[in-house]
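Take a look at the letters that make up each chain.
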Amino acid sequence: MYQVIGGVKSRALRVLWTLEEIGLDYEHVSAPPRSDAVINFNPAGKTPVLVSGGVPITDSVAIMTYLADKHGALTFPAGTIERARQDSLTQFIVDEFDQLLWTAARHSFVLPEDKRVPEIKDSLKWEFERSQKALIPRMAEDGPFLMGDTMTIADILLAHCGGWAVAAKFPIVEPQFRDFVTMMRERPAFQRAMAA
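Residues numbered from 1 in each chain as written. Predicted model: local features only at pLDDT ≥ 70, side-chain atom pairs only at ≥ 80, totals over all residues. Heavy atoms only, no water.

1. Things to note about the pattern of salt bridges
Here is the rule: For this document, the term salt bridge refers to a Lys or Arg side-chain nitrogen within 4 Å of an Asp or Glu carboxyl oxygen. For helices the rule is a DSSP run of H or I covering at least 4 residues; for strands it is a run of E covering at least 2, with both sets numbered from the N terminus onward. For every residue, the accessible area (1.4 Å probe, protein chains only) is compared with the maximum for its type, and the residue is labelled buried under 20%, exposed over 50%, or partly exposed between those bounds.
Taken as a whole and assessed by the stated rule, the structure comprises 8 salt bridges. Ionic pairing is found between Glu21 and Arg187, a salt bridge with its closest N-O pair at 2.7 Å. You can see Glu21 sitting in helix α1 (residues 12-22) and its partner Arg187 sitting in the loop between α7 (175-185) and α8 (188-195), a full 166 residues away along the chain. Under the relative-accessibility criterion, Arg187 is labelled partly exposed at 23%. Sharing partners across several salt bridges, the network here consists of Arg11, Arg14 and Asp98.

Structure follows, in structure tokens:
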């Protein structure tokens with residue numbers, strides 16, 4: 001059984017959601033960053049941490065990729081064109097959505113107060129809108145998922161960023177993106193992950 005360390009109001013939600021979609025058993029330890037429960041497995045104090053066979057794995061995207069590859073679910077096989085497209089979308093989402101939201105969070109409550117630059121959030125919101133416009137042509141026309149009929153970890157990652165954006169008051173200006181996030185968050189596995 002896997003152990004997931006981190007709260008559902010963090011990137012740990014992505015890992016919990018991935019586990020729920022695949023249908024795997026896990027234990028959830030809802031611990032905040034920099035707590036002893038986290039530092040015992042990740043000296044940096046960051047969440048999430050997945051413990052697999054006694055070995056800690058950090059970084060939500062690395063964990064999702066590990067789970068998908070190990071269980072042959074939510075991913076295309078390595079070495080295929082489809083996997084290259086999936087990985088490209090995943091990296092795009094990390095670069096163009098996750099990083100903007102994380103930078104905003106850092107300047108809202110993560111960094112020491114004297115290191116925060118609240119004014120940066122205006123430019124981050126502008127970039128977030130621009131990133132949505134770049135995303136739309138990359139979404140499969142025959143949906144419902146980013147790559148068509150097959151759901152991948154990129155879908156979970158993007159939907160998580162969409163929910164994070166709403167909570168952080170980042171504007172979702174593209175209707176197709178908004179509809180995608182709504183559809184993904186209605187999935188039973190997402191609901192179970194939120195209740196974990």
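What follows continues from the structure just given.
2. Concerning the side chain of Arg11
Our working rule: Polar contacts, as used here, are pairs of N or O atoms within 3.5 Å; protein pairs need one atom able to donate a hydrogen and one able to accept it. Residues neighboring in sequence count only if both atoms are side-chain atoms. Contact definition: two residues touch when any of their heavy atoms are within 4.5 Å.
Mapped onto the elements, Arg11 comes out in the loop between β1 (2-5) and α1. Given a relative accessible area of 18%, Arg11 falls into the buried group. At a separation of 2.9 Å, a polar atom in the side chain of Arg11 contacts the side chain of Asp98. Every residue in contact with Arg11, bar those within four places of it in the chain, is listed here: Pro48, Ser60, Asp98, Trp102, His160 and Trp164.

3. A few points about the nonpolar core
Stated precisely, the cut-off is as follows: Take the buried residues of types Ala, Val, Leu, Ile, Met, Phe, Trp, Tyr and Cys, join any two whose side-chain atoms come within 4.5 Å, and each joined set is a nonpolar core.
Membership of the largest hydrophobic core comes to 54 residues, with the highest contact counts inside it found for Leu67, Ile93, Phe97, Phe128, Leu146 and Phe177. Of all the secondary structure elements, the ones that give two or more residues to this core are β1, α1, α3 (60-71), α4 (81-110), α5 (120-135), α6 (153-167), α7 and α8. Here this core gets 9 residues from one element, more than from any other, and that element is α6. With residues up to four places along the chain from it excluded, the contact list for Phe128 reads Phe97, Leu100, Leu101, Ala165, Phe170, Pro171, Ile172 and Phe177. Grouped together as the second largest cluster of nonpolar side chains are 5 residues, Ile5, Ala31, Val49 and Val51 included.

4. As for the environment of Ser60
Topologically, Ser60 is positioned in helix α3. Sequence spacing of Ser60 and Ala189 is 129 residues, and the spatial spacing of their C-alpha atoms is 17 Å. Look past the residues within four positions of Ser60 in its chain and what remains in contact with it is Arg11, Arg14, Val15 and Pro48.

5. Topic: the side chain of Ser131
Examined against the element boundaries, Ser131 turns out to sit in helix α5. A relative accessible area of 1% means that Ser131 is categorised as buried. Apart from the residues within four sequence positions on either side, Ser131 is in contact with Phe92, Glu96, Phe97 and Leu100.

6. Observations concerning the pairing of strand β2 (residues 26-29)
Basically, it comes down to this: At least two bridges found by DSSP between two strands are what make those strands a pair. Assignment of crossover handedness uses the view with strands pointing away from the viewer, where a clockwise path from the first strand over the helix to the second indicates a right-handed crossover.
Taken together, the 4 bridges between β1 and β2 define a ladder with parallel strand orientation. Each bridged residue has a counterpart across the sheet, and for Ile5 the counterpart in β2 is Val29. Regarding the hand of the β-α-β motif, the stretch spanning β1, α1 and β2 is right-handed.

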